[in-house]
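Residues per chain are reported as follows:
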Amino acid sequence: MMKIGFIGLGNMGLPMALNLLKAGHQVSGFDLVKSQLDAFANAGGIVTANANDTAKDADVLISMLPASHHVEGLYLGDTGLLANANPKTLLIDCSTISPKVAQAVAAAAKAKGFVMIDAPVSGGTAGAQAGTLTFMVGGAVGAVECARPILERMGKNIFHAGANGAGQTVKVCNNMLLGIQMLGTSEALRLGIANGLDPKVLSDIMTKSSGRNWTLELYNPCPGVMENVPSSKEYAGGFGVDLMLKDLGLAVENAEKLDASVPLGKLAQQLYETHSKAGNGQLDFSSVFNLKK
Ligand code: NAD
């Protein structure tokens, strides 16, 4: 049994923390939203008053926050974790953030005697609930091996991508592809529906054909085709449009710095932006199926 602190108990963090509780660990946690804290407490989690209390006495501290500035705010500065936690605590940031920020926070952690890894995830809320996430890890080999038994309680595939920041770089590439695939799958389904096809029949056939992909097979964006996905729950929960937009922003920014060509990534960014500006930012990203353009 380890003492684990978990900060950010949202759509992903809460089910991940619950899997650590199920594995018999003592888990304390903090979030800004009371309903999330209540759900965590009901499952046996220890709710703390703030992030520094969560980190107190923890063997491992995991953060699962929305974006780069939340992670900087949590770890850096006089009130941040690096100034207040015990350097023996292994730090694991699972948020999807800029690779540069991940490197900078890990370097600041190292300067204070901490070991830190970036470990963003793929697999969605269903993967978080089932404990089948894929972790893309950046950091020193020894740190990754220390973290592995904990990550294995939340995920099925744990990949060491390279040095600090490498996990985030893999995640940025993956999510650019995911955002593009969701748009492509939505377009194909809409075209079929416009021709009078049943979207379920069309999906079944494409799933066994060369258009097969994760968004079609496991996260179908057309309501009614699949149970237990956001499209069948009015696009509630899941992975928000604004989070996808953030990730496409990270991809395009990264590509521009390196002069890498990502025209589809840029177009996807524009389309999700249009969708967000139409008031859909908090819906699941598969709601882009309804994009009017
Ligand atoms: P979310 O918005 O549901 O959860 C984030 C939580 O962090 C919220 O509950 C918020 O209250 C909390 N929070 C923000 N600032 C805080 C602070 N200073 N202290 C404590 N809590 C704080 O987001 P999510 O869907 O759980 O995503 C989290 C991260 O995981 C994001 O970086 C996202 O890109 C990534 N991700 C999400 C999915 C998905 O399917 N939802 C999949 C893979 C990766």
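Every chain's residues receive numbers from 1 upward, in the order its sequence appears when written. Side-chain atom pairs in this predicted model are given and counted only at pLDDT of 80 or more, local residue features only at pLDDT of at least 70, and totals for whole chains, interfaces and linings cover all residues. No hydrogens and no water enter the side-chain calculation; it runs on all heavy atoms of the structure.

**Some details on the environment of P223**
Line of reasoning, step 1. Strands here are runs of E lasting at least two residues and helices are runs of H or I lasting at least four, both read from the DSSP assignment and numbered beginning at the N terminus. Relative to the helices and strands, P223 is located in the loop between α11 (214–218) and α12 (241–258).
Line of reasoning, step 2. The buried label applies to any residue whose accessible area, calculated with a 1.4 Å probe on protein chains only, is under 20% of its type's maximum; exposed applies above 50%, and partly exposed to all values in between. Classification of P223 by relative accessible area gives partly exposed; the value is 41%.
Line of reasoning, step 3. The spacing of P223 and E234 is eleven residues in sequence and 7.7 Å in space, taken between C-alpha atoms.
Line of reasoning, step 4. Excluding residues that lie within four positions of it along the chain, P223 makes contacts with S231, S232, Y235 and F289. Note on contacts: a residue pair qualifies if any of its non-hydrogen atoms lie within 4.5 Å across the two residues.

**Overview of the pattern of salt bridges**
Line of reasoning, step 1. Salt bridges, as used here, are contacts in which a Lys or Arg side-chain nitrogen is within 4 Å of a carboxyl oxygen on Asp or Glu. Following the criterion strictly, the structure yields eight salt bridges and no others.
Line of reasoning, step 2. Across the salt bridge formed by K34 and D38, the nearest N and O atoms sit 2.8 Å from each other. Pair noted here: K34 and D38 are both in helix α2 (residues 34–42), with a separation of four residues, about one helical turn.
Line of reasoning, step 3. For D38, a relative accessible area of 35% puts it in the partly exposed group.
Line of reasoning, step 4. One salt bridge connects E256 with K266, and the closest N-O pair in it is separated by 3.7 Å. In this pair, E256 sits in helix α12 while K266 sits in helix α13 (residues 263–280), placing the two residues ten residues apart along the sequence.
Line of reasoning, step 5. For K266, a relative accessible area of 35% puts it in the partly exposed group.

**Details of the site of the ligand**
Line of reasoning, step 1. Nearness of a residue to a molecule or strand requires only that one of the residue's heavy atoms be within 4 Å of it. Taken together, 23 residues are adjacent to the ligand, and N11, M12, D31, P66 and K246 come closest.
Line of reasoning, step 2. Note that an oxygen atom of the ligand is positioned 2.7 Å from one of the side-chain N or O atoms of D31.
Line of reasoning, step 3. In protein, a polar contact requires one atom able to donate a hydrogen and another able to accept it; more generally it is a pair of N or O atoms within 3.5 Å, and residues adjacent in sequence count only if both atoms are side-chain atoms. Between the ligand and L65, the relevant distance is 3.0 Å, taken from an oxygen atom to a main-chain nitrogen or oxygen of the residue.
Line of reasoning, step 4. Here, Shrake-Rupley sampling with a 1.4 Å probe gives the accessible areas, and only protein chains in the shown set may cover a residue. Relative to its free-state accessible area of 830 Å², the ligand is covered by the protein chains to the extent of 87%.
Line of reasoning, step 5. For the shell around the ligand, the secondary-structure elements that each account for two or more residues are α7 (124–130) and α12.
Line of reasoning, step 6. Of the residues that constitute the shell around the ligand, the class distribution is eleven nonpolar, nine polar and three charged.
Line of reasoning, step 7. An automatic or database domain assignment is the source of the domain bounds shown. Looking at the shell around the ligand, you find at least three residues from each of domain 1 (3–163) and domain 2 (169–290). For this classification, Asp, Glu, Lys and Arg are treated as charged, while Ala, Val, Leu, Ile, Met, Phe, Trp, Tyr, Cys and Pro are nonpolar and the rest, including Gly, are polar.

**A look at the nonpolar core**
Line of reasoning, step 1. Grouped together as the largest cluster of nonpolar side chains are 32 residues, with contacts concentrated most on F6, M16, I62, I92, F135 and M154.
Line of reasoning, step 2. Among all residues touching M154, those that are not within four sequence positions of it are F6, M16, L20, I62, G127, G131, T132, L133 and F135. For our purposes a nonpolar core is just a set of buried Ala, Val, Leu, Ile, Met, Phe, Trp, Tyr and Cys residues, chained together by side-chain atoms within 4.5 Å.

**Some thoughts on the domain arrangement of the protein chain**
Line of reasoning, step 1. Domain parsing of the protein chain yields domain 1 (3–163) and domain 2 (169–290).
Line of reasoning, step 2. When each unit is reduced to the centre of its C-alpha atoms, the spacing between domain 1 and domain 2 is 27 Å.
Line of reasoning, step 3. In this complex, domain 1 contributes 14 residues to the contact, which on the side of domain 2 involves 13 residues.
Line of reasoning, step 4. Taken over both partners, the interface formed by domain 1 and domain 2 buries close to 1100 Å², and the fraction arising from carbon and sulfur atoms is 67%.
Line of reasoning, step 5. Once two parts are joined, some of their accessible surface, as seen by a 1.4 Å probe, is lost; buried area is that loss totalled over both. Considering only the side of domain 1, the residues that lose the most area to domain 2 are T96, P99 and M136, jointly responsible for 40% of the buried surface there.
Line of reasoning, step 6. Across the contact surface, domain 1 and domain 2 share four residue pairs in polar contact (both at pLDDT 80 or more).

**Here's the deal with the packing of helix α9 (residues 166–194) against α12**
In a packed pair of helices, the relevant descriptors are the angle between the two axes and the axis-to-axis distance.
Line of reasoning, step 1. For helices, the fitted line uses only the C-alpha atoms of the stretch in contact; every axis is such a line through C-alpha atoms, and the angle between N-to-C directions lies from 0 to 180 degrees. It is the contact of α9 with α12, at a shortest axis distance of 9 Å, that shows an interaxial angle of 120°. When the axes of α9 and α12 are compared, the pair comes out oblique. In the crossing of α9 with α12, the sense of the turn from one axis to the other is left-handed. Mapping the contact onto sequence places V172, N175, M176, L178 and G179 in α9 and M244, D247, L248, L250 and A251 in α12. Throughout this description, any angle smaller than 35 degrees is read as roughly parallel, any larger than 145 degrees as roughly antiparallel, any in the 65 to 115 degree range as roughly perpendicular, and the remainder as oblique. Each crossing is labelled by how the near helix is turned from the far one, with a counterclockwise turn of less than a right angle marking it left-handed and a clockwise turn marking it right-handed.

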